[in-house]
Protein chains: 2
Amino acid sequence: MENFIYYNPTRIYFGQGQITQLSHAIAKDQKVLLIYGGGSIKQNGVYDQVKTALADHQVTEFSGIEPNPEYETCLKAVELIKQNKINFVLAVGGGSVIDATKFIVAAAKFKGDAWDILAKHADITGAVPFGCVLTLPATGSEMNSGSVISRRALNKKLAFMHEKVFPVFSILDPETTYTLPARQVANGVVDAFVHVMEQYLTYPQNAQLQDRFAEGILSTLIEEGEKVLTHPHDYDVRANIMWAATLALNTLISQGVKTDWATHMIGHELTAFYGLDHAQTLAIILPSIMEYKKDKKQAKLIQYAERVWQVDKTLDAETKVQIAIEKTRAFFEKMGNPTKISAYQLSQDKFDDIINNLKDNGLTALGEHADITPEDSLKILQMSY
Amino acid sequence: MENFIYYNPTRIYFGQGQITQLSHAIAKDQKVLLIYGGGSIKQNGVYDQVKTALADHQVTEFSGIEPNPEYETCLKAVELIKQNKINFVLAVGGGSVIDATKFIVAAAKFKGDAWDILAKHADITGAVPFGCVLTLPATGSEMNSGSVISRRALNKKLAFMHEKVFPVFSILDPETTYTLPARQVANGVVDAFVHVMEQYLTYPQNAQLQDRFAEGILSTLIEEGEKVLTHPHDYDVRANIMWAATLALNTLISQGVKTDWATHMIGHELTAFYGLDHAQTLAIILPSIMEYKKDKKQAKLIQYAERVWQVDKTLDAETKVQIAIEKTRAFFEKMGNPTKISAYQLSQDKFDDIINNLKDNGLTALGEHADITPEDSLKILQMSY
């Protein structure tokens, strides 16, 4: 196990009815900016719950955060914060709204060109404090300090991570997820599952607890993910999925270990060039990487096969690995995500552009061993077709 | 799953050499009070590492915190804080030193009789900030906000818990545990194991992740606990045990579920009346409670048998339960803790006093169903002889 520093001060209010906690979780004298996305919170009742809880607060609103939040949009919210002397921000939505809010609150206190926060990882000296009401379990952004922002004019999608943008609190009410489209629910399960796999499926690093916790999240997502398709109004199923998605990326399971993230890096390009959902790209790429790197990942693949899928321990190593890959693929398919590019009626004609873009973005040594070159990524794409 | 609020802001510096982090983890202008116990930190080199890291700080020392820390001793440290205008406290030691420090830092800011913090759960309005250097993995106090203090003059042992006494940081260097006596190491493993069992072995509560994490900690303690007996200088074994003991009681696995704690309550009396080690009392009482409550705990006992001990799923329920109890008992024995009172050459003549003391302390409805009466506790003691 490697040395690590773990810190996660976000307060979680979990459960039905917890949105009412907003009335005291934000001090009454704060000028609040409420940030949300395309307006789904107005259909599902969350907006009304939030406004009721904040009836005694002074609230300004900013809506229109896009999926894959846009830099230019964020800057408009920054202006609003400055003009209105906002001192607390409330993000209501999924990962995109929360990611955008993290950048907005940092940019609002930043001296200089805010783009440097993303492009140059300029140090952040302060941020407007913010909380979240999560409505879509998937990204884990509600309990970590990371954010990904797109700037379409420059064809860039960049990330930053900083302690100052941990949410002060996040409210997770599983009932807010009842009205989500089934596809978004299933995608969230796949996204969280792959987050765990990227931190877990590497090589043995003598971090037993991190492994056990990762396996526990994977098993939970498999069991509850299958249930949510047939029992969408089962509260406990929704609760288990919501808490699992948060713990999948609150950094607890990656402490002291090397991580992979190649699936996400290649997957991002499939979204950029083919417009596929994030979860679809992960469902496509992960099984191919498992196959392509099955020698270096063998020990962990076997552990995963035995502990997560209860594969018979007496089988030979190669068989266990193949079963593990097939089971993973079958799970993604069951969650509504075909695991081959061809299944989406797409051609291979963008592969060269994708590889060139990986090179342009410096993503030429991916994976836990930094040994996945652009040539390897091309082979992974071809295997994924 | 029940609603919950989870908050744990303690920063963890984990790994070899992390004591050097003290030099910047505590601001240079702070007047520091260093609190420790009987002086073992002077033999094992930890004291020297701490003093070296704090070479540029103004440090006052207070030593002599006892196992089961004493109220009167804590008050002396409170005086020292007030006299020396201390503004940061550093606890160096195990659970007793950290528990004492939590009470000391709260009492130092308390208006009125500090005993009320324990006896009346008086609200705490502030506390001197403090950090920890952990030297004995066992209690989890380094990453929670709970504390147990004894006042021998009144024959009382009382607990308090408050957000204001979370450590600001805790440093966990597995190498500091190499020189611990084997008995303390094994006791720490048993203590952490039973902490998990008290939160886990109740009844199914549809909290899948809390169950999986609990099982992960148990499996880790079993595997690594057995290894540490034969490989005391294996760094990763020490690291896994240290992190497991912290996560066993940092409250993550008890979110949203009812817990038991009957073993600890009865066990405390065995320490008070027979002078047994805390871990010895847990090793004695837990198997008896598993047996005595095997009907109400059956579903969880079977899950525990299958997932933690890999008991054959095709066996009948009663057999699985019996194997689970026997395996638990055997594990405690292997960790050097006999699981019967008679094995410690003690008689049954204190049982009546123990039951009377449980009654005096209002501990008349123990367990997750609050259905363990003093009469049940007596039967549990008799089964444990």
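Residues numbered from 1 in each chain as written. Chains lettered and ligands numbered in written order. Predicted model: local features only at pLDDT ≥ 70, side-chain atom pairs only at ≥ 80, totals over all residues. Heavy atoms only, no water.

Undergrad: Describe the overall build of chain A, with residues and values.
TA: Counting secondary structure elements, chain A contains 15 helices and 9 strands. A globule of 385 residues ought to have a C-alpha radius of gyration of about 21 Å, and chain A, at 21 Å, matches this closely. C-alpha atoms of chain A, sized along the principal axes, occupy 65 × 45 × 45 Å. Out of the 385 residues in chain A, the part that is buried amounts to 60%. Long-range pairs, those at least 24 residues apart, make up 78% of the contacts in chain A with a sequence separation of at least 6. Accessible surface for chain A amounts to roughly 14,300 Å². Of this, 49% is attributable to carbon and sulfur atoms. For chain A, the distance from the average position of its 37 positive side-chain charges to the average position of its 45 negative side-chain charges is 4 Å. (Helix = DSSP H or I, 4+ residues; strand = E, 2+ residues; numbered from the N terminus. Rg over C-alpha atoms; globule rule 2.2 N^0.38 Å. Buried < 20%, exposed > 50% of the residue type's maximum accessible area, 1.4 Å probe, protein only. Contact = heavy atoms within 4.5 Å. Areas by Shrake-Rupley, 256 points an atom, 1.4 Å probe, with all protein chains shown as cover. Lys, Arg positive; Asp, Glu negative; His and termini not counted. Charge placed at Lys NZ, Arg CZ, Asp CG, Glu CD.)

Undergrad: Please give an account of the interface of chain B and chain A that cites residues and values.
TA: Opposite the 42 residues of chain B that make contact, chain A presents 42 residues. A combined buried area of about 3,800 Å² lies between chain B and chain A, and 56% of that area is made up of carbon and sulfur atoms. Across the chain B-chain A interface, the total number found is 4 salt bridges. Residues Glu 163 of chain B and Arg 11 of chain A are paired through a salt bridge, measuring 2.5 Å at the closest nitrogen-oxygen approach. Between the two partners, chain B and chain A, sit 20 residue pairs in polar contact (both at pLDDT 80 or more). Looking at the side of chain B that touches chain A, the elements that each hand over two or more residues are strand 1 (4-6), strand 2 (11-14), helix 8 (208-230) and helix 9 (235-248) of chain B. (Buried area = accessible area lost by both parts, 1.4 Å probe. Salt bridge = Lys/Arg side-chain N within 4 Å of Asp/Glu carboxyl O. Polar contact = N/O pair within 3.5 Å; in protein donor to acceptor, adjacent residues only side chain to side chain.)

Undergrad: Please provide a residue-by-residue account of the relation of the copies chain B and chain A, values included.
TA: Of the transformation superimposing chain B on chain A, the axial component is 0.0 Å and the angular component is 180°, with the fit at an RMSD of 0.0 Å. Put plainly, the chains are arranged around a two-fold axis. Of every C-alpha in chain B, the one belonging to Pro 9 of chain B sits nearest the axis of rotation, 2.0 Å from it. (Least-squares fit on C-alpha atoms with pLDDT ≥ 70 in both.)

Undergrad: Requested: an account of the UniProt feature "domain: Alcohol dehydrogenase iron-type/glycerol dehydrogenase GldA" (unreviewed entry) in chain A, with residues and values cited.
TA: Per the UniProt record, "domain: Alcohol dehydrogenase iron-type/glycerol dehydrogenase GldA" (unreviewed entry) is found at residues 9-174 of chain A. The distance separating the terminal C-alpha atoms of residues 9-174 of chain A is 22 Å; by composition the span is 28% helix and 25% strand. (UniProt positions renumbered as here; feature names shortened; annotations may be inferred.)

Undergrad: Could you give an account of unusual backbone geometry, naming the residues involved and the relevant values?
TA: Although it is not a glycine, Gln 345 of chain A sits at a positive phi angle of roughly 55°. Structurally, Gln 345 of chain A is set in the loop between helix 13 (317-334) and helix 14 (351-360). Overall, Gln 345 of chain A belongs to the exposed group, its relative accessible area being 71%. Phi is positive for Lys 85 of chain B, close to 50°, though the residue is something other than glycine. Secondary-structure assignment places Lys 85 of chain B in the loop between helix 4 (71-83) and strand 5 (88-93). Relative accessible area serves as the criterion here: at 61%, Lys 85 of chain B is assigned to the exposed category.

Undergrad: Kindly report on the environment of Thr 281 of chain A, identifying the contributing residues and their values.
TA: Residues and elements named next belong to chain A. When you line up the elements, Thr 281 lands in helix 11 (residues 278-292). A residue is classified by how much of its surface remains accessible, and Thr 281, at 0% relative accessible area, is buried. Along the chain, Thr 281 and Lys 340 lie 59 residues apart, while their C-alpha atoms are 9.1 Å from each other. When neighbours within four sequence positions are excluded, Thr 281 is seen to be in contact with Gly 267, Leu 270, Thr 271 and Leu 276. A distance of 2.6 Å separates a polar atom in the side chain of Thr 281 from the backbone oxygen of His 278.

Undergrad: Describe the packing of aromatic side chains, naming the residues involved and giving the relevant values.
TA: Throughout the structure, instances matching the rule amount to 35 aromatic pairs over all chains. With centroids separated by 6.5 Å and ring planes inclined at 70°, the aromatic side chains of Tyr 6 of chain A and Trp 243 of chain B adopt a geometry described as edge-to-face. You can see Tyr 6 of chain A sitting in strand 1 (residues 4-6) and its partner Trp 243 of chain B sitting in helix 9, one on each of two chains. A relative accessible area of 7% places Tyr 6 of chain A in the buried class. Through successive ring pairs, a cluster of aromatic residues spans Phe 4 and Tyr 6 of chain A together with Phe 14 and Trp 243 of chain B. Of note, Lys 42 of chain A hangs over the ring of Tyr 47 of chain A, and the distance from its end group to the ring centre comes to 4.7 Å. Over the ring of Trp 115 of chain A we find Arg 151 of chain A; its NZ or CZ atom is 4.7 Å from the centre of that ring. (Phe/Tyr/Trp six-rings, centres within 6.5 Å; stacked < 30°, edge-to-face > 60°. Lys NZ or Arg CZ within 6 Å of the ring centre and 35° of its normal.)

Undergrad: Pulling in residues and values, what's your account of the nonpolar core?
TA: Core analysis: the largest hydrophobic core is formed by 191 residues, its most contacted members being Phe 103, Ile 217 and Tyr 304 of chain A together with Phe 103, Ile 217 and Tyr 304 of chain B. Leave out the neighbours within four places in its chain, and Ile 217 of chain A touches Val 196, Ala 244, Leu 247, Ala 248 and Ile 253 of chain A together with Leu 209 and Phe 213 of chain B. (Core = buried A, V, L, I, M, F, W, Y, C linked by side-chain atoms within 4.5 Å.)

Undergrad: Before we move on, could you go through the environment of Ala 324 of chain B and cite the residues and values that matter?
TA: All names here are of chain B. In this fold, Ala 324 is placed in helix 13 (residues 317-334). By relative accessible area, which is 0% here, Ala 324 ends up buried. Sequence separation between Ala 324 and Ser 342 is 18 residues; the distance between their C-alpha atoms is 22 Å. The contacts of Ala 324, once residues within four sequence positions are left out, are Met 290, Leu 301, Tyr 304, Ala 305 and Trp 309.

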